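One-letter residues, chain by chain:
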Amino acid sequence: MEWINIYGLIFIVVIMIPNIIFAIKCKDGFANKWKNKFVEMIEQIGRFGCFGFMIINIPGTWFGWWSDEVFAVYLIVNVILVILYCVIWIICFKKNSIFRALALSIIPSILFLFSGIMSRSVLLIIAATIFAPSHITISYKNAK
């Protein structure tokens, strides 16, 4: 089952939990005040690419971890990033601030890019480089 990354799936599910809870409790919490359709489209392409390529390894574009030690670093760093992401969500749940916006956009951006590099997934690296700047920009503009 080299074509599926169960750990990537777990990371995606865990970081989605606070987002789903927030969407249920704060109906207008994800309102996009900054109207830039092009950047929004790029962000969505990058987001779904990151979600997909964190979970699905496309042969010929995914080359796996160099070693067991690299895989262990991948797991440790991603667990730390996911925990940090969830802790910031918990602490800043009702506080709309630039800190929250940047932290909650930078952490998953790092997670996706780091995962792509560590797993040598060309498509995940590409998706993360598309997602990160657009997501961080949109989050920042909406928090201002």
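A few points on the structure. (Residues numbered from 1 in each chain as written. Predicted model: local features only at pLDDT ≥ 70, side-chain atom pairs only at ≥ 80, totals over all residues. Heavy atoms only, no water.)

## What to know about the packing of aromatic side chains
Then, in step 1: Here the structure, examined in full by the defined rule, presents ten aromatic pairs.
Then, in step 2: Between F11 and Y74, the aromatic rings sit 6.0 Å apart at their centres with planes inclined by 70 degrees, giving edge-to-face as the arrangement. Linking F11 in helix α1 (residues 6-25) with Y74 in helix α3 (residues 68-91), this pair joins segments that are 63 residues apart in sequence.
Then, in step 3: Connected via pairs of aromatic rings, a cluster forms that spans Y7, F11, W62, W65, F71 and Y74. (Phe/Tyr/Trp six-rings, centres within 6.5 Å; stacked < 30°, edge-to-face > 60°. Helix = DSSP H or I, 4+ residues; strand = E, 2+ residues; numbered from the N terminus.)

## A word on α3
Then, in step 1: For α3, with 24 residues, the first-to-last C-alpha span of 34 Å sits near the 34 Å given by 1.5 Å per residue.
Then, in step 2: Every buried residue of α3 is accounted for by V70, Y74, N78, L81, V82, Y85, C86, I88 and W89.
Then, in step 3: Looking at the buried positions of α3, the neighbouring elements they touch are α1, α2 (37-55) and α4 (98-119). (Expected span 1.5 Å × (residues − 1). Buried < 20%, exposed > 50% of the residue type's maximum accessible area, 1.4 Å probe, protein only. Contact = heavy atoms within 4.5 Å.)

## Points about the side chain of S115
Then, in step 1: When you line up the elements, S115 lands in helix α4.
Then, in step 2: Under the relative-accessibility criterion, S115 is labelled buried at 1%.
Then, in step 3: Those residues in contact with S115, other than ones at most four positions away along the chain, are M54, Y74, N78, I110 and L124.

## Regarding the packing of α3 against α4
Two quantities define a packed helix pair, namely the angle between the helix axes and the distance between the axes.
Then, in step 1: The N-to-C vectors of α3 and α4 enclose an angle of 165 degrees; their axes lie 10 Å apart at closest approach. By the angle class used here, α3 and α4 are roughly antiparallel. Note that α3 runs across α4; the crossing there is left-handed. Contacts between α3 and α4 pair V70, V73, Y74, V77, N78, L81, V82, L84, Y85, I88 and W89 from the former with F99, R100, A103, L104, I107, P108, I110, L111, F114, S115 and M118 from the latter.
Then, in step 2: By residue class, the composition of the contact of α3 with α4 is 19 nonpolar, two polar and one charged. (Axes fitted to C-alpha atoms, helices over the stretch in contact; angles between N-to-C directions. Parallel < 35°, antiparallel > 145°, perpendicular 65-115°, else oblique. Left-handed = near helix turned anticlockwise from the far one by under 90°. Nonpolar A, V, L, I, M, F, W, Y, C, P; charged D, E, K, R; others polar.)

## Focus on α4
Then, in step 1: For α4, built from 22 residues, the straight-helix expectation of 32 Å at 1.5 Å per residue is met to within 8% by its first-to-last C-alpha distance of 31 Å.
Then, in step 2: In the stretch just after α4, R120 is the one whose phi turns positive, near 55 degrees.

## Considerations on unusual backbone geometry
Then, in step 1: Of note in the backbone geometry, R120 takes a positive phi value of approximately 55 degrees without being a glycine.
Then, in step 2: Tracing the chain through its elements places R120 in the loop between α4 and α5 (122-143).
Then, in step 3: The class of R120 is partly exposed, set by a relative accessible area of 28%.

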